[in-house]
Amino acid sequence: MSIDRKRFRYILRRAAQAVPVLLAIIILTFLLLKLAPGDAAEVLAGEAGSASPEYMAQLRQRFGLDKPIHIQLLAYMKNVFTLNLGFSFRHSMPVLDLIMGRIGPTLLLMGTTFTLAIGFGILLGILAAIRVNTWRDSLISIFSLVSYATPLFWVGLMLILVFSIRFGWVPTSGMEDIAAFHEGWNRVFDIAHHLVLPAITLSLFYLAVYTRLMRASMLEQAGMDYVTTAKAKGLTERRITLKHILRNAVLPVVTMAGVQVGGMLGGSVVVESVFGWPGLGLLAFESLFARDLNLLLGIFTFSACLVVAINLSVDIIYTFLDPRIEVR
Amino acid sequence: MQDFWRRFRRNRAAVLGLIILLAVIGLALTAPLIYPQSPFRVVSKPFLPPFGEYLFGTDVLGRDVCAGIAHGARTSLLIGILATVVAVLIGTLVGGFSGYYGGFIDDLLMRITEFFQTIPSFIFAIVLVAILTPSIESIIIAVGAVSWPPIARLVRGEFMTMRNREFVHACLVMGMGDLRVIFQQILPNTISPIIVTGSLMVASAILIESALSFLGLGDPNIMTWGFMVGAGRTFLRTAWWLCAIPGIAILLAVLAINLVGEGLNDALNPRLRHL
Amino acid sequence: MNPFILEIQNLTVNLPAGADRDYAVSEFNLHLRQNEILCVVGESGSGKSIMAKAVMGLLPEPHVRASAGKILFEGEDLLSTSPSRMRRIRGSRISMIFQEPMTALNPVMTISDQIEEVIFTHQEMPKEQRFQRMVNLLKNVHLPDPERILYSYPHQLSGGQRQRAMIAMALILEPAVLIADEPTTALDVTTQAQILSLIRDLEKEHNTGVLFITHDFGVVAEIADRVAVMQHGRLVEFGDAKQVLNEPQHPYTRSLIAAVPSLTPRTHKPIKHQPVVLKVQNLNKIFRSSGGLFGGRSASVVRAAKEVNLSIRRSETLGIVGESGSGKSTVARCIVRLVQADSGSVHLGDIDLLTKSRWQLRPYRKRIQMVFQDPFGSLNPRRKVAQLISEGPMVHGLPKTEALDRAYKLLDLVGLDPRSADRYPHEFSGGQRQRIAIARALALEPEILIADEPVSALDVSVQAQILQLLSDIRDRLQLSLLFITHDLRVAAQVCDTIAVMLNGEIVEYGTTMDIFLNPQHSYTQQLIKAVPGKNWTLPSLGKIPLN
């Protein structure tokens, strides 16, 4: 069977595997809902007392809160599948609409972070590995160690302190200068200007992760038998490093990148709340303080499903990099 | 044991980490002696800068920042260690059975582990703490609940390798029971990587806990470093030390633990020389 | 007289401080002629691989480096040429092939990419010509369907195909010297035979000088024109193959050759009158890789054992011979219930072991014990030798003092110092660990001992000692032995009866004499024909001096 056919079948298999995961996410959310103090209808309606008694009665009936638990679960699942995640009274909007309104900035932040972290991480990892145990390697290693140990919120605040308050090079918070009514490219630059600090903050930690991983991976591959063969063939150092070692070393990094997406989403909660970046993370933070558990759970479910989708994409990309598909 | 210390000492970074860590532990242990009263107590005027009468100054309400740092050390280490213990227990059980028995049990347990690694862990922790209402116990549970998957993966890998080693086969052929094989034969061989991963996990537990406290999800009756940064946030312009100092404390503690953890790793698994 | 193309003069290679000796290679002299195969033989630790790497300039500097001597090739001293000149020589004038074809090839590059890069690194050649050259060479190494192979990845080829591709890669620029570092050690005996004859043919065709490194004297007998013997980094004997093989001079060479088991089966005592102690009937086992929950991996089916029937009498040694994947280990594991057979019976006397639950099985376990292949994996690194040997009897209820007492007696039986009891496995050599493993197996006083490739991982001289030990113990204790091996020479010397397995089935079953002198099944005939050096009659050299 050709590689392409195998790849297609593998992708189908992975997609099919994603389905039970999605179901499990929904069931978990349901259980969390049940675990929360108070009546589930109160949680679903948002703050206790914000909704009228008629609406509450309607909710109770809709979710079958008087019925046995498995019926409730089915009703809940039906609601989720019809994309009804509840209503937020504080924002006077259905939860789903709220989320969709805020997903853009989060995706922008995460996409930029991902690119920066992986791009520079791989680069620094390679630089450290090819000059292993020199001052360059030590410098890069120290930098990663410190970045890895630094809390995200603190980095954000310190960066604001230095670059925004002290030097005034970048704005302190927000995604754009709303009052300025920028259009077209001006708007793009404005957003990019606001994006600098949040993106750097979130990427520092993951940069450290990928740098260390890439360095270790490169060093591990350099000791492999096929590298000895490559040297025995008389290939140049450069070709061995770039064509042989790198192509193998990058594989675990790609796999790890998929795993880290969930962590990045979590990190965005902190970063967005430090910088006032109007994304899902900030929404989650706000829902905490509004005691809007329903909204919070909606964000949780949504982001979990998002991670599943991104993981699937990373898996697909991986199959293009590693021909040993059926062996996996 | 001698060998181990010798190898550990050779790693200068690890020794540095150990020194810092011992300082943090010392601070945590002596906090109730140096600062016997609650760190929430108001001692003086608010916003006193550091290096004055009070080493790290005072915060928005006039509380002693240094007392907060000292008590915060206790809390961070306590939560970090307890959460790690929870994670290691869960992870070892899941990974151990999964790796040893293989087959259907392995598939099922690994699917569950993958699931917990897929869902965004920090958001899950937030949800858990929010639902269980913030307190030391709920934070420990939340942090432990999101930290166990890497341990399960590690233990599973180790158990699977060990399970296929011929000395385990020899024990089974001799008629040894499963429990004896798991606890007497396999586990002693897998302790080193568990210790290393566990120690590194304490560091990440502290990071998660401080982030939760920063967001306001910490136990309201306990002073933590994350809470101090969060409380000082609005005064970044004028009283920057309120954010900077507790953050540096977190950084140093986490860095120290990481260095010690890596030192442990190098000392426990001496790499073979290449010939 | 052929001219020398490679001459090694007084080569000394240093090892870093802390290694078990100062020099990997010491005052080594060698010369290789054009159009000959020179075999360098030695056991592990003899320095043969390091010597080869020194010629190629592939020593892991600065830890390991050549400190003295010259390596003369095409008018220059390779040890003093510049790194860039050395790089240009590698792959084009001197090539090397390695032991493990799976790991020696880059898993994410196609075969064609990996061969092509040798060409364009060293020469200018238009793409079309490169392609044609590769196809021709793949045909030359007897790879069918060269175009398909070129576009494949290493994991899609078999072990033999990968090694052929490696050979093609090494010969594509017609080097003067080919260094082969144990290229057939990881291959099945039938594949090995094909690769050996391929190397011989290619050497003649391309006028290459081949430096062939091996530990197997059978291989030497099969292909060598001249032989060099290495011990502890030194050259101890060097001469024409016929000379060295039939009239070895140096005591070390003599001991090595004396340790090679002969293919002529020895005469065995009659066992027909002895009672049957173990009877295996209709044993079946299929390994299904089910693809995991929700279809994680693709499913595959392997028929490891198919209607296997065999029986062992008291004092009999039954050998199961086969290549990898034949199912021989699976049968052994089914007998001791490490693997659950799908169907069939294993009768120990009257009792069918396969029908017992794990708990019921326990008392019977004492009667069948096993010795495994890997001396490094078969002992728990965290237990002392005394514990390792006494664990078994203690599990079955023997009090600790008696168990330890038995352990000391057994250490004596297997030829180890009683002080060994207090040490850990890593303090012992491979051969000594295998002795400990045998002592452990004997601790339960079994009637039947199953030995699964017990000497395959050992050097040939140590192998001879362990085989001698097993024979002695078997004779003294009247043990029945189920001996699993892929090495026909060992089988010829050790076994009374042999079962030949292929793809899970026993294709031939008879006395050792019958099997070797009159093989019936085509596969058995193929196996025997493939043994390297089968036409070499071992010289009689007297008893092996134990070192």
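See above for the structure.
Our subject in this report is the structure included herewith. (Residues numbered from 1 in each chain as written. Chains lettered and ligands numbered in written order. Predicted model: local features only at pLDDT ≥ 70, side-chain atom pairs only at ≥ 80, totals over all residues.)

1. Focus: the nonpolar core
Then comes step 1: Formed by 330 residues in total, the largest nonpolar core has its most connected members in Ala125 and Ile126 of chain B.
Then comes step 2: The element that contributes the greatest number of residues to this core is helix α10 (residues 241-268) of chain B, accounting for 15 residues.
Then comes step 3: When neighbours within four sequence positions are excluded, isoleucine 126 of chain B is seen to be in contact with Val269, Ala284 and Leu288 of chain A together with Leu212 and Leu217 of chain B. (Core = buried A, V, L, I, M, F, W, Y, C linked by C-beta atoms within 7 Å. Buried ≥ 20, exposed ≤ 12 C-beta atoms within 10 Å, placed from the backbone. Helix = DSSP H or I, 4+ residues; strand = E, 2+ residues; numbered from the N terminus. Contact = placed C-beta atoms within 7 Å.)

2. Quick word on the interface of chain A and chain B
Then comes step 1: Contact residues are listed per partner, giving 41 residues for chain A and 32 residues for chain B.
Then comes step 2: Counting only elements with at least two residues in the side of chain A that touches chain B, the list comes to α1 (3-35), α6 (135-149), α7 (152-166), α10 (237-275), α11 (280-289) and α12 (293-321) of chain A.
Then comes step 3: Residues of the side of chain A that touches chain B, tallied by class, amount to 33 nonpolar, 8 polar and no charged. (Nonpolar A, V, L, I, M, F, W, Y, C, P; charged D, E, K, R; others polar.)

3. What about the sheet that holds strand β12 (residues 300-313) of chain C?
All names here are of chain C.
Then comes step 1: The strand order across the open sheet built from 4 strands is β12-β11-β14-β15, with neighbouring strands paired in antiparallel fashion. Looking at strand neighbours, the two that pair on one side only are β12 and β15 (351-352), the edges of this open sheet.
Then comes step 2: For strand β14 (residues 343-348) and β15, the ladder comprises 2 bridges, and the chain directions are antiparallel. In the sheet register, histidine 347 faces β15, and the bridge partner there is aspartate 352. (Pairing = 2+ DSSP bridges.)

4. Considering the sheet that holds strand β1 (residues 4-14) of chain C
Residues and elements named next belong to chain C.
Then comes step 1: Taken in spatial order, the 4 strands line up as β2-β1-β4-β5 in an open sheet, and their pairing is antiparallel. Either end of the sheet is taken by a strand with one partner, and the two such strands are β2 (23-33) and β5 (76-77).
Then comes step 2: Bridging between strand β4 (residues 65-73) and β5 involves 2 bridges; their strand directions are antiparallel. Looking at β5, one finds that phenylalanine 73 is bridged to glutamate 76.
Then comes step 3: Together, β1, β2 and β4 form the strand contacts of helix α1 (residues 48-56), whose direction differs from that of β2 by roughly 65 degrees. (Axes fitted to C-alpha atoms, helices over the stretch in contact; angles between N-to-C directions.)

5. Description of the environment of alanine 54 of chain C
All names here are of chain C.
Then comes step 1: Along the chain, alanine 54 falls in helix α1.
Then comes step 2: For alanine 54, a count of 25 C-beta atoms within 10 Å translates into the label buried.
Then comes step 3: C-alpha of alanine 54 to C-alpha of leucine 138: the two residues are 84 residues apart in sequence and 29 Å apart in space.
Then comes step 4: Not counting residues within four places of it along the chain, the set of residues in contact with alanine 54 comprises Leu11, Val13, Val25, Leu59, Ala66 and Ile71.

6. Digging into unusual backbone geometry
Residue and element names in this part refer to chain C.
Then comes step 1: Unusually for a residue other than glycine, glutamate 174 sits at a positive phi of about 50 degrees.
Then comes step 2: Along the chain, the position of glutamate 174 falls in the loop between α7 (159-171) and β7 (177-181).
Then comes step 3: Of the residues examined, glutamate 174 has 12 C-beta atoms within 10 Å and is grouped as exposed.
Then comes step 4: Of note in the backbone geometry, asparagine 503 takes a positive phi value of approximately 50 degrees without being a glycine.
Then comes step 5: With respect to the helices and strands, the residue asparagine 503 is situated in the loop between β19 (497-502) and β20 (505-511).

7. Brief notes about the environment of leucine 172 of chain B
Then comes step 1: Among the secondary structure elements, leucine 172 of chain B is positioned in helix α7 (residues 166-174).
Then comes step 2: The sequence separation of leucine 172 of chain B and glycine 216 of chain B amounts to 44 residues, and the corresponding C-alpha distance is 53 Å.
Then comes step 3: In this view, leucine 172 of chain B contacts Val181 of chain B together with Leu338 of chain C; residues no more than four positions away in its chain are not counted.

8. Structural notes on the interface of chain A and chain C
Then comes step 1: Across the boundary between the two partners, chain A contributes 23 residues, which contact 27 residues of chain C.
Then comes step 2: Listed by contribution, the elements that provide at least two residues to the side of chain A that touches chain C are α1, α9 (225-232) and α10 of chain A.
Then comes step 3: The dominant element in the side of chain A that touches chain C, judged by the number of residues it contributes, is α9 of chain A, at 6 residues.
Then comes step 4: When its residues are assigned to classes, the side of chain A that touches chain C shows 8 nonpolar, 7 polar and 8 charged.

9. Here's the deal with the pairing of strand β10 (residues 234-240) of chain C
All names here are of chain C.
Then comes step 1: Judged from the 6 bridges that link them, strand β9 (residues 226-231) and β10 form a sheet pairing that is antiparallel. Across the sheet, alanine 228 pairs through a bridge with phenylalanine 238, a residue of β10.
Then comes step 2: As consecutive antiparallel partners, β9 and β10 are separated by 2 residues, and within that stretch histidine 232 has a phi angle of approximately 50 degrees, a positive value.

10. Let's talk about α10 of chain A
Side chains that are three or four residues apart share a direction in an α-helix, a result of its 3.6 residues per turn.
Residues and elements named next belong to chain A.
Then comes step 1: Taking 1.5 Å per residue, 39 residues should reach 57 Å; α10 reaches only 45 Å between its end C-alpha atoms and comes up short.
Then comes step 2: Of all the bends found along α10, the most pronounced is centred on leucine 246 and spans about 45 degrees.
Then comes step 3: Downstream of α10 by one or two residues, glycine 276 has phi in the positive range, about 60 degrees. (Expected span 1.5 Å × (residues − 1). Bend = angle between axes of the 7 residues up to and from the residue.)

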